[in-house]
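Listed here are the chains, written in short residue letters.
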Amino acid sequence: MILDEEVFAVLMAVVIIGSVLGIVNIIHISSGESFTAIGLLNEDCKIGTYPKQVLENTNITLCIYVYNHMGRPVYYKVVYKIGGEKDLPTNTSPSSMPEVMSWRGVLDNDENHTFKILIPIPSYEKSFDNKTALIFELWIYDTSSDKWVYTGEWVHLYIQVLKRS
Amino acid sequence: MIRTFLYLLMLTLSLTIIHQMIILAYSGDSMSEIDSLVSTIMKDLEYLESREVNVSSLIHRVNEDIKGLEKDPGNATYIKDLESIREEIKALKSDAENIYIINNIIRYSTAVGIGLVPVAVYILLPRIYLYIWYRTRRRWIVQVRK
């Protein structure tokens, strides 16, 4: 035999594997998990060096990162709340504290937004044991029910709010 | 006389109720108005994206408008742009199904083409190999060993 059978079999195997991979790539057979993500960055939009002590009734600048991997465009809002350790949200329920501010936007699939936010630190009668949590929850708009739905994702930053003497 | 008065009273009451309803409808906070405007656009954008229509430029415009309205609620420029996006979406929706069918035909034809490559290799490779093998040796002289 001029063409060795084993060599031919190996060549055929390589061609078949290449063909299958090509078809999968074209038809996009994927069972990828859909998710969204939120991140908190400092005023330079970098991780680290977050403010620790803030004077009441002042504003601080932070940066928010939002990522969409839902397989469709999403209308999102980042809700800012202030609370204590016990007021943190869970991955199933948002914080019970009232909304202070929110920022909205639209993200295409596999797209992310990083934007600066100027957040107020109001004075509270009630102190949160020197551990005030700045809570940022990610909500997305459910177009089928026409309601905002909490994604279960949040970020928080503990600060100490200093009272004016 | 009394009947006319009653009719007028009922008419006045009805008009007052309608007026109050309109005021209530538009007295919601500006963000909920944005939400209701954007939700219809988002539904259509989701549909268009599911039909593989490229809507990334429209998404960026909607995002810019929302950010603008957050800073300056009720700004006519942004609301106008959202309205024009809605019109553009309407036009795209009518072509969406055709685009989807054409894309699917191209995709599955390519997949079938790639699927036929191993068959073609199985049939043609030995023949091509033999053809080249004989062609490179065509000037060879065969000699019988003694």
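Our subject in this report is the structure included herewith. (Residues numbered from 1 in each chain as written. Chains lettered and ligands numbered in written order. Predicted model: local features only at pLDDT ≥ 70, side-chain atom pairs only at ≥ 80, totals over all residues. Heavy atoms only, no water.)

What follows covers the overall build of chain A. Of regular secondary structure, chain A possesses one helix and eight strands. Put simply, chain A runs from its N terminus to its C terminus through helices and strands in the order α-β-β-β-β-β-β-β-β. Relative to the 2.2 N^0.38 estimate, which gives 15 Å for 165 residues, the radius of gyration of chain A is 24 Å and therefore markedly larger than a compact globule would have. On the principal axes, the C-alpha backbone points of chain A span a range of 95 × 40 × 25 Å. When burial is assessed residue by residue, chain A has 42% of its 165 residues classed as buried. Across chain A, every contact between residues at least 6 apart in sequence was considered, and the portion connecting residues at least 24 apart equals 73%. Positive and negative charge centroids in chain A, built from 13 and 19 side chains respectively, lie 15 Å apart. (Helix = DSSP H or I, 4+ residues; strand = E, 2+ residues; numbered from the N terminus. Rg over C-alpha atoms; globule rule 2.2 N^0.38 Å. Buried < 20%, exposed > 50% of the residue type's maximum accessible area, 1.4 Å probe, protein only. Contact = heavy atoms within 4.5 Å. Lys, Arg positive; Asp, Glu negative; His and termini not counted. Charge placed at Lys NZ, Arg CZ, Asp CG, Glu CD.)

Further remarks concern a nonpolar patch on the surface. Side chains of Val112(B), Leu116(B), Val119(B), Tyr122(B), Ile123(B), Leu124(B), Ile128(B), Tyr131(B) and Ile132(B) sit close together on the surface and give an oily, nonpolar patch of about 900 Å² of accessible area. Locating Leu116(B) in the fold gives a position in helix H4 (residues 76–136). (Patch = residues over 30% accessible without salt bridge, like charges linked within 9 Å, V, L, I, M, F, W, Y side chains within 5 Å. Areas by Shrake-Rupley, 256 points an atom, 1.4 Å probe, with all protein chains shown as cover. Salt bridge = Lys/Arg side-chain N within 4 Å of Asp/Glu carboxyl O.)

Bringing the packing of helix H1 (residues 5–27) of chain A against H4(B) into the picture now. Contact pair H1(A) / H4(B): the axes reach a minimum separation of 8 Å and the direction vectors enclose 175 degrees. On the basis of their axis angle, the class for H1(A) and H4(B) is roughly antiparallel. Contacts between H1(A) and H4(B) involve Phe8(A), Leu11(A), Met12(A), Val15(A), Ile16(A), Ser19(A), Gly22(A), Ile23(A), Ile26(A) and Ile27(A) from the former and Arg107(B), Tyr108(B), Thr110(B), Ala111(B), Ile114(B), Gly115(B), Val117(B), Pro118(B), Val121(B), Tyr122(B), Leu125(B) and Pro126(B) from the latter. (Axes fitted to C-alpha atoms, helices over the stretch in contact; angles between N-to-C directions. Parallel < 35°, antiparallel > 145°, perpendicular 65-115°, else oblique.)

Turning to the interface of chain B and chain A, a few remarks are in order. Counting residues at the interface gives 34 residues for chain B and 32 residues for chain A. A combined buried area of about 2,900 Å² lies between chain B and chain A, and 69% of that area is made up of carbon and sulfur atoms. A per-residue breakdown of the area chain B buries against chain A is headed by Asp35(B), Met42(B) and Glu46(B), which together make up 18% of the total. The interface formed by chain B and chain A contains three salt bridges. On inspection of chain B and its partner chain A, the count reaches twelve residue pairs in polar contact (both at pLDDT 80 or more). Put simply, the parts of the chain that give the side of chain B that touches chain A at least two residues each are helix H2 (30–50), helix H3 (56–71) and H4 of chain B. Ranked by the residues each element gives to the side of chain B that touches chain A, the list is headed by H4(B), at 16 residues. When the residues that make up the side of chain B that touches chain A are grouped by side-chain class, the tally is 21 nonpolar, six polar and seven charged. (Buried area = accessible area lost by both parts, 1.4 Å probe. Polar contact = N/O pair within 3.5 Å; in protein donor to acceptor, adjacent residues only side chain to side chain. Nonpolar A, V, L, I, M, F, W, Y, C, P; charged D, E, K, R; others polar.)

By the secondary structure assignment, His113(A) is in strand E6 (residues 111–121). His113(A) gets classed as buried once you look at its relative accessible area, which sits at 13%. Every residue in contact with His113(A), bar those within four places of it in the chain, is listed here: Ile64(A), Tyr65(A), Val66(A), Tyr76(A), Val106(A), Leu107(A) and Asn63(B).

Taken as a whole and judged by the stated rule, the model has ten aromatic pairs over all chains. Where Phe35(A) meets Tyr67(A), the ring centres are 5.9 Å apart and the plane angle is 50 degrees; that geometry is what we call tilted. Separated by 32 residues along the polypeptide, Phe35(A) in strand E1 (residues 35–41) and Tyr67(A) in strand E3 (residues 58–69) bring together distant segments of the chain. Aromatic rings pair up to connect Tyr75(A), Tyr141(A) and Trp148(A) into one cluster. Sitting over the ring of Trp139(A), Lys77(A) keeps its end group 5.7 Å from the ring centre. Between the NZ or CZ atom of Lys67(B) and the centre of the ring of Phe115(A), over which it lies, the distance is 4.1 Å. (Phe/Tyr/Trp six-rings, centres within 6.5 Å; stacked < 30°, edge-to-face > 60°. Lys NZ or Arg CZ within 6 Å of the ring centre and 35° of its normal.)

Let's shift gears to the sheet that holds strand E4 (residues 74–83) of chain A. Strand order across the open sheet formed by five strands is E2-E8-E7-E4-E5 (chain A), with mixed pairing between neighbours. Looking at the sheet topology across the chains shown, the edges are occupied by strand E2 (53–55) and strand E5 (99–107) of chain A. The mean inter-strand angle of the sheet, taken between neighbouring strand axes irrespective of direction, is 35 degrees. Looking at chain direction, E4(A) and strand E7 (residues 132–142) of chain A are connected through eight bridges and run antiparallel. The partner of Lys81(A) across the bridge, within E7(A), is Ile135(A). Running over the sheet, H3(B) touches E4 and E5 of chain A and is turned about 160 degrees from E5(A). (Pairing = 2+ DSSP bridges.)

Within the largest apolar cluster, 28 residues are counted, with the highest numbers of intra-cluster contacts made by Ile64(A), Val78(A), Ile119(A), Ile121(A), Leu134(A) and Phe136(A). When residues of this core are traced back to their parent elements, those giving at least two are E1, E3, E4, E5, E6, E7 and strand E8 (147–162) of chain A. Sequence-distant contacts of Leu134(A), that is, excluding residues within four places in its chain, are made with Ile60(A), Tyr80(A), Lys81(A), Ile82(A), Ile119(A), Ile121(A), Val155(A), His156(A), Leu157(A) and Ile159(A). Judged by nonpolar contacts, the second largest core, of 26 residues, contains Val106(A), Val38(B), Met42(B) and Val62(B). (Core = buried A, V, L, I, M, F, W, Y, C linked by side-chain atoms within 4.5 Å.)

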